[in-house]
Amino acid sequence: MTWQELATRVRHLALGLADLGVRPGQRVSLLITPGVDLTTALFACLRLGAVAVLADQGLGLRGMSRALRGAGPQWLIGVDRALTGARLLGWPGRRVATGHTTPRHRALGARTGLADLIARGAGIEQHGGTLPAEPDPEDDAAILFTSGSTGPAKGVTYTHRRLAAMRDALATTYDLGPGSAFVVGFAPFALIGTALGSAAITPDMDVVAPATLTAAALADAVAASDATAVFTSPAALTNVLRTAADLTETHRSALAGVELFLSAGAPIAPELLAQVGRIMPNASAHTPYGMTEVLPLTDIDLTGLHAAAEDEAAGVTGAGGGSCVGHPVPGALARIIPLDDDGAATGDATTAPGITGEVLVTAAHLKRTYDQLWATQAAGADHAGWHRTGDVGHLDARGRLWIEGRLAHIIRTAGGVVTPVAIEHAAQQIRGVQRAAAVGVGPAGTQHVVVVLETDPQIDRHAGAAPALATPGLTRVVRQAVRARCGLTVAAVLRVPELPTDVRHNAKVDRARLAQWAERALAGGRIQAP
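Now for a description of the structure that goes with this document. (Residues numbered from 1 in each chain as written. Predicted model: local features only at pLDDT ≥ 70, side-chain atom pairs only at ≥ 80, totals over all residues. Heavy atoms only, no water.)

### Digging into the overall build of the chain
Stage number 1. A tally of regular secondary structure across the chain gives 18 helices and 26 strands.
Stage number 2. Since a compact globule built from 530 residues should have a radius of gyration of about 24 Å, the 24 Å found for the chain is in line with a globular shape.
Stage number 3. Dimensions of the chain along its principal axes, counting C-alpha atoms only, are 75 × 55 × 50 Å.
Stage number 4. Contacts in the chain between residues far apart in sequence, at least 24 positions, make up 64% of those at least 6 positions apart.
Stage number 5. In the structure as shown, the chain presents an accessible area of about 22,300 Å², 51% of it carried by carbon and sulfur atoms.
Stage number 6. Of the charged side chains in the chain, 45 are positive and 46 negative, and the gap between their average positions amounts to 8 Å. (Helix = DSSP H or I, 4+ residues; strand = E, 2+ residues; numbered from the N terminus. Rg over C-alpha atoms; globule rule 2.2 N^0.38 Å. Contact = heavy atoms within 4.5 Å. Areas by Shrake-Rupley, 256 points an atom, 1.4 Å probe, with all protein chains shown as cover. Lys, Arg positive; Asp, Glu negative; His and termini not counted. Charge placed at Lys NZ, Arg CZ, Asp CG, Glu CD.)

Okay, structure coming up:
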């Protein structure tokens, strides 16, 4: 679809929605799969001053229901599955279907359809109808939802000004804008292209299940648009690399034209990022760090990761002990609130290198507030103008940020507070280990470190088997690796067929769930799946 065609559709839909009764400030839930209809509906709502509520399938059915009931939209625009869900589960909002209204849609409670409203808006425009005044930059524009990987998904409110600042941060950091084109294999970025003035291409995949993206589908999307940039998540990248053998010479030629590669949504191992060069040899590989509340916050490329590793080996103050996520992007700032002996972030915010604590951030594209969550908002914004992320990390002497885990996942041992990421990195260096999670078992203050592994079936003959204690040999190697890198003793090593992860990214390991499971498993009796 051309920009002119899209602009016409957006204008006509905005006129049709206004005629239907949608008013500035009203909330409109958009339950539409990424594509032309979602893009049209979002920008029509933004133009009207209605607040777009974006709760995607990545939250899961229960998570979506909780999110929608919490946001309380007055309107719901959805595909057939969404209308069915709304009918069965009582989701709020007067309903509008996509396409033209059919008897099935009416049976599901839809008053009209997007195609009908676009046609209505075209007629209104022909008769001299005009749109209301544009919304104020400080008006609310959208409610986005966190992934729910550390608890129920939270609604995050953005104003028009803050959404524009997010767009500008991405444009400045990655030199994207009019004339560029990128392939989107990660649902939250599916609407970024239009905001940037770039052509956005969605490959043949389920965008709310990133691991369904194949190398061939990615190459076909790149070839169809001559795209020079690719956005994916770590789960998507893992499957792309797994299916790279299916690429034809035509596919490889198309991927050679990619100049920028972004992996976002969850931490990614430098080794995995380096493998991008096998299929996108001319791409600069970046991994931005951020969250629904402020994205992007920092950025680092593969060269930067190698430099950070060299600094760690050289003993640069603060280098090491987590995942390096780079320097803050233009306009963003990060500080650290030091931890006390109980693992609570209670100290004065600092930029001194090597001090572990909760990451505190600010930027022009920081969310305005959490929606309907006043206590959560107050707790996260007790430093005026800043946001407490809930992530634990530290800065190094070169101003780079290193992430060590989540505040909720700190292990409180008799010897002091321990963070999980460095332990996991040590375990993941062992041949045959695909992913690792470090958790604490026992009462706070006397917890023991337990490592849970997911192994490679091509190397470990026990991979995919029922959950169990790791073999004595693997346990010994893990203990040695963690002691050498972190100076810590691992009490036990467990193996599972697959580590539980969040639904949206398929990449953020659910450490809290694993900790509860490991405690039960080590208490005796039959070891069941986590």
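### Here's the deal with the environment of I201
Stage number 1. Secondary-structure assignment places I201 in strand β9 (residues 199-201).
Stage number 2. Of the residues examined, I201 reaches a relative accessible area of 16% and is grouped as buried.
Stage number 3. When the C-alpha positions of I201 and A190 are compared, they lie 8.2 Å apart, and in sequence the two are eleven residues distant.
Stage number 4. In this structure, I201 is in contact with A181, F182, V183, V184, A221, S225 and A227, ignoring residues within four places of it in sequence. (Buried < 20%, exposed > 50% of the residue type's maximum accessible area, 1.4 Å probe, protein only.)

### Overview of the side chain of T362
Stage number 1. Mapped onto the elements of the fold, T362 is located in strand β17 (residues 357-362).
Stage number 2. Assessed through its relative accessible area of 15%, T362 is described here as buried.
Stage number 3. Within the structure, the side chain of T362 is placed 2.6 Å from the backbone oxygen of G385, a separation counted as a polar contact.
Stage number 4. The contacts of T362, once residues within four sequence positions are left out, are G331, A332, L333, G385 and W386. (Polar contact = N/O pair within 3.5 Å; in protein donor to acceptor, adjacent residues only side chain to side chain.)

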